[in-house]
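# Structural overview
Here is how the chains run, residue by residue.
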Amino acid sequence: MFPIRIRDLRFRPNGRPVLDGVDLDLGDEGITMVLGPNGAGKSVLLRTLCGLITPSEGTIDWGGTARSGVGVMMVFQHPMMLRASVLQNVAIALKPHRVARRERHLRAEAVLERVGLAGRRADSARHLSGGEQQRLALARAWLTKPRLLLLDEPTASLDPSATAEVERIVREIRTDGTRILMATHNLGQATRLGDDVVFMSAGKVREHAPVRRFFSRPASEEARLFIQGELPWRMNF
Amino acid sequence: MPTFSSTFSEAFSLLATFDRVVAEIVLLSLQVSGSAVVLGTLIGLPLGACLAIGRFPGKDAAAVVMNGLMGLPAVVVGVVVYLLLSRSGPFGDFGLLYTPTAMVIAQTLLVVPLMAAIARQVVEDVWQRYAEELQVMRFTWWQSVTTLLYDCRHSLMVAVLAGLGRAMSEVGAVMIVGGNIDRATRVMTTAIALETSKGDLPLAIALGIVLIVVILVLNAGAFAMRAWAMRRYG
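Residues numbered from 1 in each chain as written. Chains lettered and ligands numbered in written order. Predicted model: local features only at pLDDT ≥ 70, side-chain atom pairs only at ≥ 80, totals over all residues.

## A word on the packing of helix α5 (residues 100-136) of chain B against helix α6 (residues 141-151) of chain B
Residues and elements named next belong to chain B. We apply this condition: Axis angles are defined between N-to-C directions and span 0 to 180 degrees, where every axis is a line fitted to C-alpha atoms and, for a helix, only to the segment in contact. In DSSP terms, a helix is any run of H or I states spanning at least four residues, a strand is any run of E spanning at least two, and both are numbered starting from the N terminus. Oblique is the label for every angle not falling under 35 degrees (roughly parallel), over 145 degrees (roughly antiparallel), or within 65 to 115 degrees (roughly perpendicular). The crossing is said to be left-handed when, going from far helix to near helix, the turn is anticlockwise and less than a right angle, and right-handed when the turn is clockwise. Contact between two residues is assigned when their C-beta atoms, built from the backbone, lie within 7 Å. Asp, Glu, Lys and Arg are counted as charged, while Ala, Val, Leu, Ile, Met, Phe, Trp, Tyr, Cys and Pro are counted as nonpolar; the rest, among them Gly, fall into the polar class.
Close contact between α5 and α6 brings their axes to 10 Å; oriented N to C, the two are set at 125°. Our classification of the angle between α5 and α6 gives oblique. Crossing of α5 against α6: the hand is right-handed. Counting all contacts with α5, which are made through Val123, Val126, Trp127, Tyr130 and Leu134, the residues of α6 involved are Ser144, Thr147, Leu148 and Asp151. Of the residues that constitute the contact of α5 with α6, the class distribution is six nonpolar, two polar and one charged.

Right under this line is the structure:
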């Protein structure tokens, strides 16, 4: 699957360029933070990588193959919560993997233990708090042991303590050997979690640099303005 | 000429004494309509879910047809099933005409479009919210259908109740394919129509009361179950 090489990726629904020639290389380990203003194309890039969006042009090379097929999971800002128990909501991730129901539940219980939700396994998933629901969504993704995990602003609406808990789990998943690509608007989170930063604006990757260098010496003017919180929300680059 | 109050009084005494004729008619009605609703649930709900999440040419046209068939006249279904099951029809050899099985077939055809149309609407709303995650988890099309039906199970109770109401209250189809034969194919609606025309209003009213009570009890049960489920699962 790795290295992932994205070349000249374009997505133009109704002629409007949402991804406008993205070039990006991703190695086989670490956490890459995807930063950029609203409408930069961060979420669309993640959706393209997990196959939800078919690009208009360009290629994604998955370590020598055209399509990854399996091993990619994504956690959304507002994850799906079925009208079922916490345990069932996690175990369902293994349904397409032809794992027996009992085995699914055993594995789900183990991963719930790791995200701190074991005590709530029988509760309704819809009665969890926002932070707990994100932990459930991470557990669901983790259960499938993905090679690449895409996180689309999973802490966008969480308070600091819930955010910290999600970040702890993300680090653990990374330690387990999963490559992580995470979109966020939280610059502090990017410095805490990230190994490197991909900065996007107007559908292009403007900069890809190690996290420390990106924040201390951003290469582009847009990135500098973004870090300082002065990037106009609608710029014509 | 019986008065309004004396008719009701006799009707209640028929019910209070648990009249055998009334009991037999009620039991057959429940068997026929219950079977039709079970079959309608097995066919209509997955069909509605498939229409909700499937991508195929003519999907919108299929949805329009399904919605249109919700108002399918029972007598039309009765005539079609009659033609299919009559001795000269394609299924005439089975000898099903004027049997409860024919009535079940007719009522199933009546309730399937209704249940499928409601299910399509319910599932489509949920599918719009879940589609991306189910696709990311690489659910097959059928796994998505079963997952959505399970998730919407409490809302789909409305579809089942609507089907039951349609099946229990229709008279045209069962009259044509069942023949309203005493102690064989006489159900509550056909009995009410017959007894009213004969002037035996107490029996007609007694059956009407049972019909209404059955539908009210089932609706109350479904309402309570849905309320419990909403509290339990959100």
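## Re the environment of Ile118(B)
Residues and elements named next belong to chain B. Considering the arrangement of structural elements, one finds Ile118 in helix α5. C-alpha of Ile118 to C-alpha of Leu45: the two residues are 73 residues apart in sequence and 8.4 Å apart in space. Excluding residues that lie within four positions of it along the chain, Ile118 makes contacts with Gly48, Val158, Ala159 and Ala162.

## Describing the sheet that holds strand β3 (residues 31-35) of chain A
One key point about sheets: their strands pair by backbone hydrogen bonds, in either a parallel or an antiparallel sense. Residue and element names in this part refer to chain A. The line we're drawing: Pairing between two strands requires that DSSP report at least two bridges joining them.
Read across the sheet, six strands follow the order β5-β6-β7-β3-β8-β9 without closing on themselves; strand pairing throughout is mixed. The open sheet has two free edges, formed respectively by β5 (72-75) and β9 (204-210), since each of these has just one partner strand. Sheet twist, expressed as the mean angle between neighbouring strand axes with direction ignored, is 20°. Bridge analysis of β3 against strand β7 (residues 179-183) gives four bridges, and the strand direction is parallel. Along β7, the bridge assignment pairs Ile31 with Ile180.

## Here we look at the interface of chain B and chain A
Each partner contributes residues to the interface: chain B has 15 residues there, and chain A has 16 residues. For the side of chain B that touches chain A, the secondary structure elements donating two or more residues are α5, α6 and α10 (201-233) of chain B. With six residues, α5(B) is the single largest residue contributor to the side of chain B that touches chain A. Considering only residue class, the side of chain B that touches chain A consists of five nonpolar, four polar and six charged.

## Quick look at the packing of helix α3 (residues 101-114) of chain A against helix α4 (residues 130-143) of chain A
All names here are of chain A. Taken N-terminus to C-terminus, the directions of α3 and α4 make an angle of 130°; their axes are 9 Å apart at the nearest point. The angle between α3 and α4 falls in the class oblique. Crossing of α3 against α4: the hand is right-handed. When α3 is examined against α4, the residues Arg107, Ala108, Val111 and Leu112 are found in contact with a partner set consisting of Ala139, Trp142 and Leu143. Here the contact of α3 with α4 is built from residues that sort into six nonpolar, no polar and one charged.

## Concerning unusual backbone geometry
All names here are of chain A. A cis amide bond links Phe2 to the next residue, Pro3, at an omega of 0°. Along the chain, Pro3 turns up in the segment before β1 (4-11). Of note in the backbone geometry, Glu153 takes a positive phi value of approximately 45° without being a glycine. The phi angle at Ala202 is positive, at roughly 50°, despite the residue not being glycine.

## Some details on the nonpolar core
One broad trend across soluble globular proteins is that nonpolar side chains are buried collectively. We apply this condition: Each nonpolar core comprises buried Ala, Val, Leu, Ile, Met, Phe, Trp, Tyr and Cys residues, the members being joined through C-beta atoms within 7 Å. Partly exposed residues are those whose C-beta has more than 12 but fewer than 20 other C-beta atoms within 10 Å; 20 or more makes a residue buried and 12 or fewer makes it exposed, with C-beta atoms placed from the backbone.
Ranked by size, the top nonpolar core spans 138 residues in total, and within it Val90(A) and Ala106(B) carry the most contacts. Sorting elements by how many residues they give to this core places α5(B) first, with 21 residues. Once residues lying within four places of it in the same chain are set aside, the contact partners of Val90(A) are Ala108(A), Val111(A), Leu112(A), Leu136(A), Ala139(A), Arg140(A) and Leu143(A).

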